[in-house]
Amino acid sequence: MNQTHRVKRIGIFGSTGSIGTQALEVIAEHPDKFSAEVLTCNGNDDLLIEQAIKYKPNIVVITDESKYLKVKDALSATDVKVFAGEKALEEVAAMDVYDLMLAAIVGYAGLKPTLKAIDSGKPVALANKETLVVAGDIVMQTAIEKRVPIIPVDSEHSAIFQCLVGEMRNPIEKVILTASGGPFLGRKPNYLVNVKREHALQHPNWTMGAKISIDSATLMNKGLEMIEAKWLFNLHPSQIEVLIHPQSIIHSMVQFEDGSVKAQLGLPDMKLPIQYAMAFPQRITNEYPRCDFRKIKSLTFEEPDIRTFKNLGLAIEALNKGGNLPCVLNAANEIAVYAFLRNRIGFLDMTDVIERVMEKIPFIAKPSLEEYFDSDGDAREYAADLIKL
Ligand code: NDP
Ligand code: MG
């Protein structure tokens, strides 16, 4: 952080989403600590304009260029600079107008701006897990070279990160990622075959964007998180375990070499890990509801049902094989989820699409960044062909 600024200037990439809007609430609660200097969205011009008027950022970016003039006009009486297009996201990510990027764009679209920020020496609070799923080796290597901290926002990884504070010299035996199990916990394929988008979007413990809600229902989200954990904490796949914990009170755990286990607990509220990542290494006060352990009757744990929730199995395969396979898995999944959300394919069809794309796209053991981009493009194209999008 630039020493001349006492207020940390946050660049929220994806400010109109679930994470982005909650981050803005955190900023509004702590105007002495944070300001929103960059706000970006894909196409939600109305919300972006509203946010810009309220938070007075230095810059806004709208990816959909057809909406540029509308945003520009609406903000013409302000000092806010308006940019449009995918390239602008990367250009702004490299500018010295903010101290910390909150990477809250959903999906592959978040990769390039996030990588650009890291390459420009900007610390990143990372919500966009797909960035690490697609090109984790290159992203982490760049962060090491540029000495840039990547602070996780994903609740599980924030929990692990918090457990590791003060433990840097102590090797990890394993991490245990907890999973709520999603809305279809305990269900079998004969039920899942008929579920529709409205039902799949109803998560029991968290309110999130559409894509991650579907990923949570299929357990793909937990698979993506295993890959995310591998890169963030430099783990071997065998050190990453998933445990279903329906109450979502334990956000994840770390087991050390002496068998001791540390966990981070709290009520499920994304504003906590968002605030933690933004304020790190400080903890700041808030008025959010506290966890009352007298009211929590039990904390339960069970094995994930990988036979039913096959997407988790596919993600584990990608985690184990590495190379471009996680990138291919992610691309196929983004297309499959998009098609499911538009009622073009059924819930279980998503798995078939991903599996067939993973079989089809040639394996590359150590891809370059260009090869990751190509693998992503090829996988999307083949997935779209299969679905006849
Ligand atoms: P949302 O769908 O709610 O928001 C996504 C944001 O990204 C919006 O601002 C959206 O703009 C923008 N966006 C979407 N597509 C593009 C694109 N092609 N180019 C540029 N910007 C784009 O997602 P969430 O907030 O739920 O999730 C964001 C990330 O955080 C994901 O990677 C998710 O996995 C991760 N995460 C989310 C959690 C949650 O609780 N929501 C928890 C843990 C991780 P617009 O509104 O204009 O479409
Ligand atoms: Mg998570």
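Relevant structure appears above.
The structure presented is a predicted model; accordingly, all values stated were derived computationally and were not measured.

*Asks:* Could you give an account of the nonpolar core, with specific residues and numbers?
*Replies:* Membership of the largest hydrophobic core comes to 125 residues, with the highest contact counts inside it found for Ile27, Val60, Leu102, Met278, Leu329 and Phe347. Among the elements that make up this core, the one with the highest residue count is helix α14 (residues 325–341) (12 residues).

*Asks:* Hey, could you go over the packing of aromatic side chains for me, with residue numbers and the actual values?
*Replies:* Throughout the structure, instances matching the rule amount to seven aromatic pairs. Each member of the aromatic cluster is reached from another via a ring pair, and the members are Phe184, Tyr191, Phe340 and Phe347. Its end group placed over the ring of Tyr98, Lys122 keeps NZ or CZ at 4.6 Å from the ring centre. Directly above the aromatic system of Tyr338 lies the positively charged group of Arg342, at a separation of 3.7 Å from the ring centroid.

*Asks:* Break down the sheet that holds strand β2 (residues 34–41) for me, citing the residues and quoting the values.
*Replies:* An order of β4-β3-β2-β1-β5-β6-β7 is seen for the seven strands of this open sheet, with the pairing classed as parallel. Of all the strands in the sheet, the pair left with one neighbour each is β4 (81–84) and β7 (150–152). Here the average twist between neighbouring strands, direction ignored, is 20°. Looking at chain direction, strand β5 (residues 100–103) and strand β6 (residues 124–126) are connected through three bridges and run parallel. Bridge pairing links Leu102 to Ala125 in β6. The strands that helix α1 (residues 18–29) touches are β1 (8–13), β2 and β5; relative to β2, the one it contacts most, it runs at about 160°.

Rules behind the numbers
Residues numbered from 1 in each chain as written. Chains lettered and ligands numbered in written order. Predicted model: local features only at pLDDT ≥ 70, side-chain atom pairs only at ≥ 80, totals over all residues. Heavy atoms only, no water. Core = buried A, V, L, I, M, F, W, Y, C linked by side-chain atoms within 4.5 Å. Buried < 20%, exposed > 50% of the residue type's maximum accessible area, 1.4 Å probe, protein only. Helix = DSSP H or I, 4+ residues; strand = E, 2+ residues; numbered from the N terminus. Phe/Tyr/Trp six-rings, centres within 6.5 Å; stacked < 30°, edge-to-face > 60°. Lys NZ or Arg CZ within 6 Å of the ring centre and 35° of its normal. Pairing = 2+ DSSP bridges. Axes fitted to C-alpha atoms, helices over the stretch in contact; angles between N-to-C directions. Contact = heavy atoms within 4.5 Å.

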